[in-house]
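# A structural walkthrough
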Amino acid sequence: MNEFAITAVTVNGSGSQTANNAIMRAIFRMGIPVNGKNLFPSNIQGEPTWFTIRVSAQGYSARPASVPILVAFNPRTAEADLAALPAGGACLYPGDGAWRPARSDVALYPLPVRELVAASGFEPRMRDYAANMVYVGALAALIGIELEALHGALVHHFTGKARPVALNFGVVQAAYERFMADFPAAPAASRFRLQRMAATTGQILIDGNTAAGLGAIFGGVSFLAWYPITPATSLADTLSAYLPRLRTGPAGHPTYAIVQAEDEIAALGMAVGAGWAGARAMTSTSGPGLSLMTEFAGLASFAEIPCVVWDVQRIGPSTGLPTRTAQGDLLAAYFLGHGDTRHVVLLPGTVAECFEFGWRAFDLAERLQTIVFVLSDLDLGMNLWSSDPLAYPTTPMDRGKVLSAAELERLGSFVRFADPEGDGIGARTLPGNPHPLAATLSRGTGHNERNVYSERPEDWKANMDRLRRKHATARRLVPQPVVEHDPAATVGLISFGSSDGAVREARDQLRAQGLPTSYMRVRALPLGEATCHFIAQHHACVVVEANHDGQLCDLLRMHCPAHAARLLSVAHSDGLPLTAEFVAESVQELA
């Protein structure tokens, strides 16, 4: 009851996303925690796509290791999909199609897809889209999705447009009634059923890219430069959709600018220029785009210009797999650039944190006068997650040490990179400041504290020493780790980002097996004292991450060399989100 998963295998471009999201939203409306993971092709329309919906009364959100209900609506992959179905599961498939399943240990439900679609009222050109609604209605009958909740989900999807809602719900209703007529005993005999709860009351369903875009808007973003790339494009789309509604001046003119650049290099160059001019500027990208941004990232760091880069990670190297998830850009983002370069990197692990870091990144960028990277990933960014409502920022925007004309007049001098407070951050002025002392020329070449070109070794070293002090300041300002300490635990688990769901579920499994664990989720770089303290409290710490080389583990060993021997790595990257079972088994082997 309320603890199982469904995978719908369909044809890419057939409208199955509407059907799958309707199922998810309906279950959510029934008060039951639910999470969806979409595995879609990166090439062309017509390829197979897999959408897994996990129902979990306990609130687990990791990718399930076993899925007992299969909707086999793609004959190209149906045989392999059926082979992966565990014994005792259920398979729904088009009974009037060419494919016939051959399994005696699972329940088989052929559906009259063509017949129901032909009677639906859909135009012939739209019938392929209507076909997916047949399995929505059949699933509703089999597992107990309330039809009223499905109707509400369709109203949400079609924004209240009466005709598409009526047509699609008509197919759902017809399929529901036909399933009950053809298989009257199936619902009662099914091992997998839904029962209304109240666990999602007051919550929302949202994807990480939408949350990030809204966070940026509430953080005062006024300039976006971007170039299309999967899986980051929908983040820019969110800004394009909401900024016209939320950021229009009294005369009806926009108070923001959005530019689609010719490539990722230009996108960051524009964001750096806008940040230098005083705008809250950002861009969004993924791994290949991040690689192209290297030189401008180094410029923003060394010239000390605030801007924000959202990297919604996918699997690499090179072009990699554009529609698969990974956490492989951690080292690249932290050290992006040549020479002695280190950046501030935020690591959201929930959609709520995508929203929070969406505005907090600007505060950090301007307080520290530097580029700030935020590393999400495809799983967190493009999939729907249950969340508490997003928390409105409660503090004023932090513009950092920006000197006005009046302050310059009072001070009587301006030394751009002076560091009287010892935090490594000099005061800055913005273009347009009319005071004669305000002018300064930002540069990426060697300079002294007055921002004047210099090749003197002592000037270079003094500047680099100050930048290191600023990086130390960043350790105190960035979001600190989330730590859950179990006094009985000798083993600690460490993760970041979207691996959190798998680790949390694995902790419950390990506890049931007699192995209590503590847990630390890292939320930002540079790492601080809390990370070393957590590692020192345990005999061993297992670092769990979705990349091949254990990048966070390497950073922890660099940051806490005295405890390096305590750190063990569980690093895995195959393009899919981690499962709790994999994490628990890996930790047991190491422990």
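Residues numbered from 1 in each chain as written. Predicted model: local features only at pLDDT ≥ 70, side-chain atom pairs only at ≥ 80, totals over all residues. Heavy atoms only, no water.

This paragraph deals with the pairing of strand β1 (residues 3-11). Of all nine residues in β1, seven are buried; the element is thus mostly enclosed. Pairing of β1 with strand β3 (residues 48-56), which is carried by nine bridges, proceeds in the antiparallel orientation. Pairing of F4 across the sheet is with V55, part of β3. The pairing of β1 with strand β4 (residues 69-72) spans four bridges and is parallel. Bridge assignment links I6 to a residue of β4, and that residue is I69. (Buried < 20%, exposed > 50% of the residue type's maximum accessible area, 1.4 Å probe, protein only. Helix = DSSP H or I, 4+ residues; strand = E, 2+ residues; numbered from the N terminus. Pairing = 2+ DSSP bridges.)

Below, the discussion takes up helix α8 (residues 208-218). In terms of burial, α8 is largely enclosed, as 10 of its 11 residues are buried. G208, N209, T210, A211, A212, G213, L214, G215, A216 and I217 are the residues of α8 that are buried. Next to the buried residues of α8 lie β7 (204-207), α9 (233-246), β10 (281-285), β11 (307-313), α14 (351-368) and α15 (378-382). The opening residue of α8 is D207, an N-cap whose side-chain oxygen sits 3.2 Å from the backbone nitrogen of N209. With its phi angle positive at about 90 degrees, G220 sits one or two positions after the end of α8. (Contact = heavy atoms within 4.5 Å. Polar contact = N/O pair within 3.5 Å; in protein donor to acceptor, adjacent residues only side chain to side chain.)

What the rule picks out here adds up to 10 aromatic pairs. The interplanar angle of 85 degrees and the centroid separation of 5.7 Å between the aromatic rings of Y93 and W99 together place this pair among those described as edge-to-face. Taken together, the aromatic side chains of Y109, F179 and F183 make up a single cluster linked through ring pairs. (Phe/Tyr/Trp six-rings, centres within 6.5 Å; stacked < 30°, edge-to-face > 60°.)

A few words on the layout of surface pockets. To find leftover empty space, one rolls a probe the size of a water molecule over the atoms. The volume enclosed by the largest pocket comes to roughly 850 Å³. What lines the largest pocket is a set of 31 residues, among which N21, R25, H156, D207 and L384 lie closest to the centre. Looking at the lining of the largest pocket, the elements with two or more residues in it are α1 (16-29), β2 (34-39), α5 (147-157), β7, α8, α9 and α15. Top element by residues in the lining of the largest pocket is α1. It accounts for eight residues. Its residues assigned to classes, the lining of the largest pocket comprises 13 nonpolar, 14 polar and four charged. (1 Å grid on protein atoms, 1.4 Å probe; cavity = no way out; pocket = protein on both sides within 12 Å on 5 of 7 lines; lining within 4 Å. Points joined across faces, edges and corners; volume = space filled by probe spheres on them. Nonpolar A, V, L, I, M, F, W, Y, C, P; charged D, E, K, R; others polar.)

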